[in-house]
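Chain and residue survey
Okay, here's what each chain looks like letter by letter:
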Amino acid sequence: MAERQATGMTNATYLVALGSNRPRSAMLPPGRLIEQGIAALGKAPCRLLRASPVIDTAPIGPAQRRFANAAAMIETPLAPSALLRHLKLLEQRSGRRRGRRWGDRALDLDIILWSGGRHAVRGLTIPHPLFRERDFVLLPLNLLAPRWRDPLTGLTMRQLLHRLKKPRKLPEAG
């Protein structure tokens, strides 16, 4: 039986980031895999509220191929750990193989934020610890939920994206 919310809410709202850079076939390029991932997030036990457009982004880490990225806002009665298990199953069904960190992948689904604020257990931290540093996450989140606030900083997705994109001064030569 699925874990339920400990907060007494019937449903919680989550922001989930989606990424893909490994096609499954000529008919299933990364952008199409993202669209399938969004559709899967709309099936029980989840309900899709909204999704961002799919955007094309540069690779990071050892990945060689460009990524397709998006974000989805879902509602579900699942608690964070139960939702994480559900997302891992969706990844596996989409052809995700466990491997090196930041490597090529068919589908990556990450819980970024949820209506419950903060959550930390072994293997899952919400808000996602690195989302504030990743434009490929912040851009779709800003398109989807620009006014959603980060519970740690109090800043909106729009403000976080603006801070990330803001030019930084170079240190003066000494």
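Below is a summary of the structure that appears in this document. Computed from a predicted structure; not experimentally measured. (Residues numbered from 1 in each chain as written. Predicted model: local features only at pLDDT ≥ 70, side-chain atom pairs only at ≥ 80, totals over all residues. Heavy atoms only, no water.)

Looking now at the nonpolar core. Ranked by size, the top nonpolar core spans 24 residues in total, and within it Tyr14, Leu41, Ile74, Leu83, Leu87 and Ile111 carry the most contacts. Those elements that provide at least two residues to this core are strand 1 (12–20), helix 1 (30–41), strand 4 (67–76), helix 2 (80–93), strand 5 (108–114) and strand 7 (124–126). With 5 residues, the single largest contributor to this core is helix 2. What Ile74 contacts, discounting residues up to four positions off in sequence, is Ala12, Thr13, Tyr14, Val16, Leu41, Cys46, Arg47, Leu48, Leu49 and Leu83. Formed by 18 residues, the second largest nonpolar core is a distinct cluster that contains Met73, Phe136, Leu141 and Met157. (Core = buried A, V, L, I, M, F, W, Y, C linked by side-chain atoms within 4.5 Å. Buried < 20%, exposed > 50% of the residue type's maximum accessible area, 1.4 Å probe, protein only. Helix = DSSP H or I, 4+ residues; strand = E, 2+ residues; numbered from the N terminus. Contact = heavy atoms within 4.5 Å.)

Moving on, we get to the environment of His162. With respect to the helices and strands, His162 occurs in helix 4 (residues 157–165). His162 gets classed as exposed once you look at its relative accessible area, which sits at 56%. Separated by 23 residues in the primary sequence, His162 and Leu139 place their C-alpha atoms 9.7 Å from one another.

Following the criterion strictly, the structure yields 6 salt bridges and no others. Ionic pairing is found between Glu75 and Arg47, a salt bridge with its closest N-O pair at 2.9 Å. With Glu75 in strand 4 and Arg47 in strand 2 (residues 47–51), the pair connects residues that are 28 residues apart, well separated along the chain. On the accessibility criterion, Glu75 (22% relative accessible area) is partly exposed. When its relative accessible area of 46% is taken as the criterion, Arg47 is described as partly exposed. (Salt bridge = Lys/Arg side-chain N within 4 Å of Asp/Glu carboxyl O.)

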